[in-house]
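Structural overview
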Amino acid sequence: MGRIFSGVQPTGNLHLGNYLGAIRNWARLQKDYDCLYCVVDLHAITVPQDPKELTANTREVTAGLIAAGIDPKDNIIFNQSQVSGHAELAWIFNCVARLGWLNRMTQFKEKAGKHRENATVGLYAYPNLMAADILLYKATHVPVGDDQKQHLELSRDIAQAFNSMFDVELFPQPEPIILETAARVMSLRDGSKKMSKSDPSDYSRINMADSADDIAQKIRKARTDPEPLPADPSGLETRPEAANLIGIYAALSDQSVDAVCAEFADASFSDFKGRLTDLAVANLGPIGDEMKRLVGDPAEIDAVLRDGAERARALAEPILREARNAMGFVQV
Ligand code: TYM
């Protein structure tokens with residue numbers, strides 16, 4: 001059995017992109033892999049966070065993972081800050097990764113924007129912490145959305161560089177698992193931007209905990225174009241908003257984009273949006289209800305996180321010892 005590690009930041013509402021691009025797949029993979037799913041609060045603080053909101057978001061994201069069907073007994077669900085090995089291995093990787101490698105990371109450039117000098121050192125070193133997350137458990141597979149692909153490649157480079165610097169075969173090369181449909185769900189307001197927790201407009205995304213009315217309204221207002229739906233995917237090439245909505249429908253109904261185009265050939269957007277709303281509400285409604293129930297019981301969530309952190313620490317400790325040993329640290 002391979003081992004999976006993946007993470008999600010507790011920085012706001014979980015949305016349909018997180019769900020379709022990552023979390024739904026995490027739930028599906030649990031039967032074939034030994035899985036660790038992590039709420040990455042150490043990654044969240046690479047940009048300023050309000051402490052109270054960070055606490056609430058950490059519990060809400062944990063609730064989202066459980067509500068989406070990830071079983072916390074069969075899998076390990078925990079928050080990153082509670083297993084100190086993440087920070088320790090990240091420091092070690094800070095001393096393995098090269099500035100030149102990090103300078104190529106597009107996400108840093110996007111997030112730091114024009115105010116690069118003001119960005120935290122943590123934001124710059126963010127991908128090294130990601131590599132530490134994965135390699136701390138010698139994870140073999142990492143299910144992520146398309147936006148994390150470059151970070152995953154860096155994790156592979158770091159694993160290889162560590163092994164060759166210290167002449168060991170300690171870290172495996174983690175393989176990304178990236179879906180074909182919904183690897184990149186776009187904003188409902190602008191088909192050229194990805195759906196994101198940080199978009200100031202709540203109309204740009206469908207949140208996992210949105211009510212049926214909110215979902216209906218957001219889909220009704222989603223940007224489209226005046227043409228009817230095409231009969232096959234070639235008609236979507238220059239229509240990013242249409243491509244996005246059809247992609248979401250395909251992912252939610254577990255069909256190919258081809259099949260959805262064939263079903264809705266020449267339909268109007270208003271008919272299609274009605275069907276998409278029904279499908280989204282049927283999929284997300286029960287998850288949102290369960291999330292709300294769990295958020296009302298923080299003790300239950302904290303018990304899951306506590307148990308997960310204990311089990312994660314037990315897996316990490318021998319691997320950390322191997323790493324310290326390879327580098328020549330005296331372990332007393
Ligand atoms: P984060 O919190 O931004 O997103 C969590 C997961 O959701 C995916 N995702 C999307 N997929 C499709 N369409 C979208 N619009 C969309 N938005 C987000 C992301 O690709 C991700 O899989 N750095 C990571 C968290 C992380 C991690 C790790 C992941 C930390 N350590 C180790 C894997 C392995 C992040 O910020 O994800």
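Residues numbered from 1 in each chain as written. Predicted model: local features only at pLDDT ≥ 70, side-chain atom pairs only at ≥ 80, totals over all residues. Heavy atoms only, no water.

Quick look at the domain arrangement of the protein
The domains assigned to the protein are domain 1 (2-183 + 298-327) and domain 2 (202-293). With 17 residues of domain 1 in contact, the opposing surface of domain 2 contributes 16 residues. When the two sides are added together, the surface that domain 1 and domain 2 hide from each other amounts to roughly 1500 Å², 68% of it contributed by carbon and sulfur. Here domain 1 and domain 2 share three salt bridges between them. A salt bridge links Arg28 to Asp254, with the shortest nitrogen-to-oxygen separation between them at 2.8 Å. (Domains from an automatic or database assignment. Contact = heavy atoms within 4.5 Å. Buried area = accessible area lost by both parts, 1.4 Å probe. Salt bridge = Lys/Arg side-chain N within 4 Å of Asp/Glu carboxyl O.)

Observations regarding the side chain of Asn18
Relative to the elements of secondary structure, Asn18 occurs in helix H1 (residues 16-29). By relative accessible area, which is 15% here, Asn18 ends up buried. The contacts of Asn18, once residues within four sequence positions are left out, are Asn13, Ile23 and Lys197. (Helix = DSSP H or I, 4+ residues; strand = E, 2+ residues; numbered from the N terminus. Buried < 20%, exposed > 50% of the residue type's maximum accessible area, 1.4 Å probe, protein only.)

With respect to empty space enclosed by the protein
Within the structure shown, the criterion is met by two cavities of 30 Å³ or more. In this structure, the largest cavity is lined by Met105, Gln107, Phe108, Lys111, Leu123, Tyr124, Tyr126, Pro127 and His151. When contributions to the lining of the largest cavity are tallied by element, the ones reaching two or more residues are helix H6 (106-112) and helix H7 (121-135). Along the lines of polarity and charge, the residues of the lining of the largest cavity split into six nonpolar, two polar and one charged. (1 Å grid on protein atoms, 1.4 Å probe; cavity = no way out; pocket = protein on both sides within 12 Å on 5 of 7 lines; lining within 4 Å. Points joined across faces, edges and corners; volume = space filled by probe spheres on them. Nonpolar A, V, L, I, M, F, W, Y, C, P; charged D, E, K, R; others polar.)

A short note on the environment of His43
Checked against the element boundaries, His43 lands in helix H2 (residues 41-44). Under the relative-accessibility criterion, His43 is labelled buried at 1%.

Some words on the nonpolar core
Core analysis: the biggest nonpolar cluster contains 59 residues, and Leu16, Tyr19, Leu20, Ile23, Leu65, Met208 and Phe272 have the highest contact counts within it. Here the element with the most residues in this core is helix H12 (residues 269-295); it accounts for nine residues. Per-domain counts for this core show at least three residues from each of domain 1 (2-183 + 298-327) and domain 2 (202-293). Excluding residues that lie within four positions of it along the chain, Met208 makes contacts with Leu14, His15, Tyr19, Ile23, Gly64, Ala68, Leu284, Ile287, Gly288 and Met291. Judged by nonpolar contacts, the second largest core, of 46 residues, contains Val40, Ile92, Phe108 and Phe171. (Core = buried A, V, L, I, M, F, W, Y, C linked by side-chain atoms within 4.5 Å.)

Notes on unusual backbone geometry
Although it is not a glycine, Lys138 sits at a positive phi angle of roughly 50°. Note that Lys138 resides in the loop between H7 and strand S4 (141-143). Residue Lys138 is classed as partly exposed on the basis of its relative accessible area of 26%. Even without being a glycine, Asp254 presents a positive backbone phi close to 55°.

Observations regarding the packing of aromatic side chains
Tallied over the entire structure, the rule returns twelve aromatic pairs. The interplanar angle of 50° and the centroid separation of 4.8 Å between the aromatic rings of Phe162 and Phe166 together place this pair among those described as tilted. What makes Phe162 buried here is its relative accessible area of 0%. The partly exposed category is assigned to Phe166, whose relative accessible area is 25%. Taken together through their ring pairs, the aromatic side chains of Phe93, Phe162, Phe166 and Phe171 make up a single cluster. (Phe/Tyr/Trp six-rings, centres within 6.5 Å; stacked < 30°, edge-to-face > 60°.)

Quick notes on the pattern of salt bridges
A full pass over the atoms with the stated rule returns 21 salt bridges. Across the pair Asp210 and Lys218 runs a salt bridge whose closest N-O atoms are separated by 2.6 Å. Like Lys218, Asp210 is buried. Connected through salt bridges with shared partners, the residues Asp202, Arg205, Asp210 and Lys218 form a single ionic network.

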